[in-house]
Amino acid sequence: MKTLDRSVNTLSRRTVLRASVYAGAGLTLFAPVGFRAAARQDSFTIAFIQGVIGDNFYITMDCGARAKAEALGNVTIDTQGPERFDQTLQTPILNAVVQTAPSAIMMAPNDRQGMIAPIQAAIDAGVPVLCVDTTIDADIQLGDVATDNVEGGRLAARGLAEQIGGAGKVFVVNTIPGVSTTDMREQGFREAIENEFPDIEYLGQEYSNNDANVAAQITAARLQSDPDLSGIFGTNLFSAQGAAAALREQGLQGQVKMVGFDAGPTQVQDLRSEVVDLLIAQHPGDIGEVAVQLLHDFLSTGEPLDPKEFVTGATVVTRDNIEDPEVARYLYVADCADYTLADATAMPAVSLEATPTA
Ligand code: T6T
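Predicted, not measured: the structure shown is a model, and the values here were computed from it.

Draft legend 1. The arrangement of the packing of aromatic side chains in detail. Counted under the stated rule, the structure contains five aromatic pairs. By the ring-pair criterion, three or more aromatic residues cluster together here, those being F189, Y202, F233 and F261.

Here you go:
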């Protein structure tokens, strides 16, 4: 059985490069006409369209974006997002934002296919779009800044495998099909279980529609149908929160092991109270900081991003390391007063291309 590498920043302790170096480097390359016009401004408005409002992941990303904007001095951030993770709610927000003619948009598209046309329309209107966190199955955007979600799924699989002693039945509570990030986490998890742990049976995934109550219901039903279940992976904040709630309600904490993606306040509480055994904290503040730096450099120079894809880190959080300041700094915040500028770096991605999940 493979054991989990519990080191801090498991995904980011490789050669790191300042995003600004990449964004600012290079010769004069082709840039669409509307984008060139933006380069003549000396102050910029960046519209940030979150995947959903009220999610500590995007709240922390917003704090990172704002902290970087303040440090740069000539960037204003205007943030909004849909009330649910739903492309039919996100599209009109994007359309309305384009009407305000921001210098650029950074956004987490709600659907990898469904948001292609609305993003294309924004680009056609002369507003460059950088994808943060989630992406689309297209290459029309200025670039991408995100966690390596396939690798994050693998980390979750290895962590859960270690918790259950390398054998047993495991189950995934996912969020919504078509969300690039969570599709990729399930993919990484499934592949790692299948390839590395022959004594673990993967029972498959069910979708919570990004609703913690639904995630709790799915988990409760699964605990009924498979009373010998050994472990659960919740692929994002709400899925993991709901799955943990079901374990707590049934008094199964410790008996059924649980790994959650993300590190929102309730998830951290679940980890501390031993309902959850391990969290994979993304670095959303870093995503926000890097995205604003990249857009600032692009808007200042007019030079397209080269490379276009940037990866930020992820940190495995356990009860053993949660007090370590190098770990604690990645727990998500509820308020930007609790956020400190990290001067984050990112590394160019080998590939962030969305991969089929089936
Ligand atoms: O896990 C994050 C984000 O990466 C994902 O794309 C959607 O869900 C979260 O926002 C957590 O709720």
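Draft legend 2. Highlighting the sheet that holds strand β9 (residues 257-261). Sheet architecture is open: six strands sit in the order β7-β6-β8-β9-β10-β12, paired in mixed fashion. The open sheet has two free edges, formed respectively by β7 (200-207) and β12 (314-317), since each of these has just one partner strand. When strand polarity is set aside, the average angle formed by the axes of neighbouring strands in this sheet is 15°. Pairing analysis gives five bridges linking strand β6 (residues 168-174) to strand β8 (residues 229-234), with the strands arranged parallel. By the bridge assignment for β8, V173 is matched with G234.

Draft legend 3. Just the site of the ligand, in detail. Taken together, 13 residues lie near the ligand, and D55, D133, T181, R185 and D262 sit nearest. D55 is positioned with one of its side-chain polar atoms (N or O) 2.6 Å from an oxygen atom of the ligand. Here an oxygen atom of the ligand sits 2.9 Å away from a polar atom, N or O, in the side chain of Q282. For the ligand, the accessible surface in isolation is 300 Å², of which the surrounding protein chains cover 99%.

Draft legend 4. Broad picture of the environment of I218. Mapped onto the secondary structure, I218 falls in helix α8 (residues 212-225). The spatial distance from the C-alpha of I218 to the C-alpha of S239 is 9.7 Å, given a sequence separation of 21 residues. Excluding residues that lie within four positions of it along the chain, I218 makes contacts with F171, E206, Y207 and S208.

Draft legend 5. Spotlight on the packing of helix α9 (residues 237-249) against helix α10 (residues 265-272). α10 packs onto α9 with a crossing angle of 40° between their chain directions and a minimal axis gap of 10 Å. Considering how the two elements wind past one another, α9 and α10 form a crossing that is left-handed. Contacts from L237, A240, Q241, A244 and R248 of α9 reach α10 at T266, Q267 and D270. Split by residue class, the contact of α9 with α10 holds three nonpolar, three polar and two charged.

Parameters at a glance
- Residues numbered from 1 in each chain as written.
- Predicted model: local features only at pLDDT ≥ 70, side-chain atom pairs only at ≥ 80, totals over all residues.
- Heavy atoms only, no water.
- Phe/Tyr/Trp six-rings, centres within 6.5 Å; stacked < 30°, edge-to-face > 60°.
- Pairing = 2+ DSSP bridges.
- Helix = DSSP H or I, 4+ residues; strand = E, 2+ residues; numbered from the N terminus.
- Axes fitted to C-alpha atoms, helices over the stretch in contact; angles between N-to-C directions.
- Near = heavy atom within 4 Å.
- Polar contact = N/O pair within 3.5 Å; in protein donor to acceptor, adjacent residues only side chain to side chain.
- Areas by Shrake-Rupley, 256 points an atom, 1.4 Å probe, with all protein chains shown as cover.
- Contact = heavy atoms within 4.5 Å.
- Left-handed = near helix turned anticlockwise from the far one by under 90°.
- Nonpolar A, V, L, I, M, F, W, Y, C, P; charged D, E, K, R; others polar.

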